[in-house]
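Coordinate inspection notes
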Amino acid sequence: MGTSQTNADVAVVGLGRVGLPLALSFADRGLRVIGVDNDPVRLGAARDGRMPFAETGAQELLDRIALDPPDAGSPVAPGEPGSLTLSERVADAARARHIVITLGTPSFSHIEIDMRDIRSALDDLLGVLAPGHSLILRSTVAPGTTEFVAGYVAKHRGFDIGEEVMVAHAPERIAAGRFLEEIDTLPCIIGGVGRRSGEVVAELFGVFDAPIVHTTPVQAELAKIWTNILRYANFALPNLLMMDCERYSANVFEVIDLINRNYPRGGIAQPGFTAGTCLRKDFTFSEERSAAPGMLLAVSRVNESVPLFLLEGAKRRLGSLANRKVAVLGLAFKADTDDERDSLAHKLIRLLERELADVAVHDPHVPTPTASFEEAVDGAEMVVVAANHSEFREPAALAAIAERAAQDCLVVDPWNCWGAAQVFAYASELVTLGPTHPAR
Ligand SMILES: NC(=O)c1ccc[n+]([C@@H]2O[C@H](COP(=O)([O-])OP(=O)(O)OC[C@H]3O[C@@H](n4cnc5c(N)ncnc54)[C@H](O)[C@@H]3O)[C@@H](O)[C@H]2O)c1
């Protein structure tokens, strides 16, 4: 069994929202990087020097990093920027010493991790792995997955994991839009299998400024999943409170203010649409083997029922929505991102369509074509703020709604965008109320 013949430092398999900024960041630290993706559109955009999605500062990195350099195999001079070589073949990743997997890890709808992308990449790599390689799972995975990967490689190739081939979990915990800042600041958790995996993988991530924290693979997996479960549950509480307040004709923003104001053990968050590709599925990696089955599912049900709650609340005030124009502001899953994967705005739109409403959508960030703000709002009898983008939080946006929408237009704003502290209010009321409570 020979040692690996590598001519690159690191390969990143899966050039998505995590993988591409990570590949660019490694190259920016002077590493020779191989970036692999099997999506021709995504790869084509990167080859053309275009970021396929928004990530603060990433386009500037892509502009200055050498792409597919002809001398990719030769050493990079110290202090010089590294390079990024693009490929559609997973097996090409084995030309690098470290192989970082940043593939998607969705959940099946019956609550079970879907590892098909990871299994497929592993199978492509099995034949080309050699002593000296390290395999790093950066994707979010269910507890036990890193040990499974180590066992799979050992079973099929007979390597001594942690001595010949390294396997580790180094979970990604950045928030979209803050990648380049957080890669240097968030503690980098590394859970290595066997004696040396953690130490070898720490050499790779040592190119960033963030402190490295060593732990076991399963603790790294649990830490990542529970980072997101904490957030998901944190937002379910104010969302449930919002529904309770409606039942008792109370004002959720005032109750939240009463809870938090000058109280050292307060800290309840603000309501809103809580979803997105990570929060919406990461809880299932605990739920699939939970000691308290249903508990996190209930958290998910609360967050998932916010669109229906808003729709029912609107119907209580307006009556039937059939043939009435409803403007939905924001398609993205959260403020100021172009990522609309797993956004609750889509769910809200589907629910509105089932009421036979005439839905008009505006989002200034997402790639999906939408109406202009004016087209969406003109004559609308109801406006829902589904994503609290900065543009919508401007007082001018509220003034434009009041001016252009139908008289007595109902504005539904779980985010409290304009500080008027009303989930449901008529546009004319909101303009006169002005800010009373700060938004999320
Ligand atoms: N998006 C985030 O903000 C974020 C944050 C932290 C962690 N994570 C986790 O990181 C992982 C990746 O998330 P993402 O949002 O970057 O996903 P993504 O879907 O944007 O990226 C995955 C990429 O892998 C490619 N791919 C799929 N199968 C492939 C294969 N067999 N060979 C080569 N390429 C293949 C896809 O074309 C895609 O470009 C997930 O586990 C996610 O939970 C995401």
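Conventions used here
Residues numbered from 1 in each chain as written. Predicted model: local features only at pLDDT ≥ 70, side-chain atom pairs only at ≥ 80, totals over all residues. Heavy atoms only, no water. Helix = DSSP H or I, 4+ residues; strand = E, 2+ residues; numbered from the N terminus. Expected span 1.5 Å × (residues − 1). Buried < 20%, exposed > 50% of the residue type's maximum accessible area, 1.4 Å probe, protein only. Arc of directions from axis to C-beta. Contact = heavy atoms within 4.5 Å. Pairing = 2+ DSSP bridges. Axes fitted to C-alpha atoms, helices over the stretch in contact; angles between N-to-C directions. Near = heavy atom within 4 Å. Polar contact = N/O pair within 3.5 Å; in protein donor to acceptor, adjacent residues only side chain to side chain. Areas by Shrake-Rupley, 256 points an atom, 1.4 Å probe, with all protein chains shown as cover. Nonpolar A, V, L, I, M, F, W, Y, C, P; charged D, E, K, R; others polar. Right-handed = clockwise from strand over helix to strand, strands pointing away.

Okay, helix α5 (residues 145-157) next. Each α-helix winds once per 3.6 residues, and so residues spaced three or four apart point in a common direction. Across its 13 residues, α5 extends 18 Å between first and last C-alpha, which sits within 8% of the 18 Å expected from 1.5 Å per residue. Those residues of α5 that sit buried are Thr 145, Thr 146, Val 149, Ala 150, Tyr 152 and Val 153. Projection of α5 onto a plane perpendicular to its axis shows the buried side chains occupying an angular sector of 160°, all on one side. For α5, the secondary structure elements touched by its buried residues are α4 (116-126), β8 (134-137), β9 (166-169), β10 (188-192) and α8 (217-247).

The sheet built from 9 strands is open, its strands ordered β3-β4-β2-β1-β5-β8-β9-β10-β11 with mixed pairing. Two strands bound the open sheet, and with one partner strand each, they are β3 (66-67) and β11 (212-215). Pairing of β9 with β10 involves 2 bridges; the strand directions are antiparallel. Following the sheet pairing, Ala 168 is matched in β10 by Gly 192. Strand contacts of helix α2 (residues 40-47): β3 and β4 (83-87), with the helix running at about 150° to β4, the strand carrying the most contacts. Of the strands in this sheet, β9, β10 and β11 are in contact with α8, which crosses β10 at around 145°.

Below, the discussion takes up the environment of Tyr 232. On the secondary structure map, Tyr 232 appears in helix α8. Other than its neighbours up to four places away in sequence, Tyr 232 contacts Thr 274, Leu 279, Arg 280, Phe 283, Val 299, Ser 300, Asn 303 and Glu 304.

Looking at the ligand, there are 24 residues lining it, with Val 18, Asp 37, Thr 105, Thr 140 and Lys 281 nearest. In this structure, a nitrogen atom belonging to the ligand sits 3.2 Å away from a main-chain N or O atom of Asn 38. One nitrogen or oxygen atom from the side chain of Thr 105 is found 2.6 Å from an oxygen atom belonging to the ligand. The protein chains hide 89% of the 840 Å² of surface that the ligand would expose on its own. Split by residue class, the shell around the ligand holds 6 nonpolar, 9 polar and 9 charged.

Turning our eyes to something else, we now look at the pairing of strand β12 (residues 325-329). Here β12 lies mainly inside the structure; 4 of its 5 residues are buried. Bridge count for β12 against strand β13 (residues 358-362) is 5 bridges, and the pairing is parallel. What sits directly across from Lys 325, in β13, is Asp 358. What joins β12 to β13 is helix α14 (residues 344-354), and the crossover it makes is right-handed. Judged from the 4 bridges that link them, β12 and strand β14 (residues 382-385) form a sheet pairing that is parallel. Note that in β14 the partner of Leu 329 across the bridge is Val 385.

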